[in-house]
Amino acid sequence: LVNFVFRIAWAISLYPASFGIDNPVMMHYLKLPLNVCEVIRRCMWNLFRIENEHLNNCGEFRVVKDIPIAQDYAKAIKIHDEGSRS
């Protein structure tokens, strides 16, 4: 519900005339609260994504420091498979 309301606030900040706000002075004062709503919405979804990644990663220990390039990918998979078998 909060996401829906904040999405509407974002749409109002993009197209105020389509929501019946034709007064530029009023839009000047609405801009800050609408943008704050968008920042809160994005932070909320980032927390959900981080929590989801943590829950999916918790038992699998998928933490990597480097992303292998194409040539080393097969070698990295082979090393990972050998490590998981022992």
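What comes next is a walk through the structure.

What follows concerns the overall build of the chain. For the chain, the count of helices and strands is 3 helices and 0 strands. Each helix and strand of the chain, placed in order from N terminus to C terminus, yields the pattern α-α-α. A total of 86 residues make up the chain; the buried ones form 15% of that total. Taking as baseline every contact in the chain between residues at least 6 positions apart, the subset at least 24 positions apart corresponds to 40%. Of the roughly 7,600 Å² that the chain leaves accessible, carbon and sulfur atoms contribute 65%.

Turning our attention to the nonpolar core. Membership of the largest hydrophobic core is limited to 7 residues, which are Phe6, Ala9, Ile12, Ile21, Met27, Leu34 and Cys37. Within the residue set of this core, elements represented by two or more residues are α1 (2-14) and α2 (24-57). Discounting chain neighbours no more than four positions away, the residues touching Leu34 are Ala9, Ile12, Ser13 and Met27.

Under the 1.5 Å per step criterion, the end-to-end length of α1 is 19 Å for 13 residues, consistent within 8% with the ideal 18 Å. Every buried residue of α1 is listed here: Phe6, Ala9, Ala11, Ile12 and Ser13. Taken together, the buried residues of α1 touch α2.

This part takes up the side chain of Arg41. By the element assignment, Arg41 lies in helix α2. For Arg41, a relative accessible area of 8% puts it in the buried group. Separated by 2.9 Å, the side chains of Arg41 and Glu38 make a polar contact.

What follows covers the side chain of Ser13. Along the polypeptide, Ser13 turns up in helix α1. Among residues more than four places away in sequence, those in contact with Ser13 are Met27, Lys31, Leu34 and Asn35.

Conventions we followed
Residues numbered from 1 in each chain as written. Predicted model: local features only at pLDDT ≥ 70, side-chain atom pairs only at ≥ 80, totals over all residues. Heavy atoms only, no water. Helix = DSSP H or I, 4+ residues; strand = E, 2+ residues; numbered from the N terminus. Buried < 20%, exposed > 50% of the residue type's maximum accessible area, 1.4 Å probe, protein only. Contact = heavy atoms within 4.5 Å. Areas by Shrake-Rupley, 256 points an atom, 1.4 Å probe, with all protein chains shown as cover. Core = buried A, V, L, I, M, F, W, Y, C linked by side-chain atoms within 4.5 Å. Expected span 1.5 Å × (residues − 1). Polar contact = N/O pair within 3.5 Å; in protein donor to acceptor, adjacent residues only side chain to side chain.

Honestly, it's all geometry; don't read function into it.
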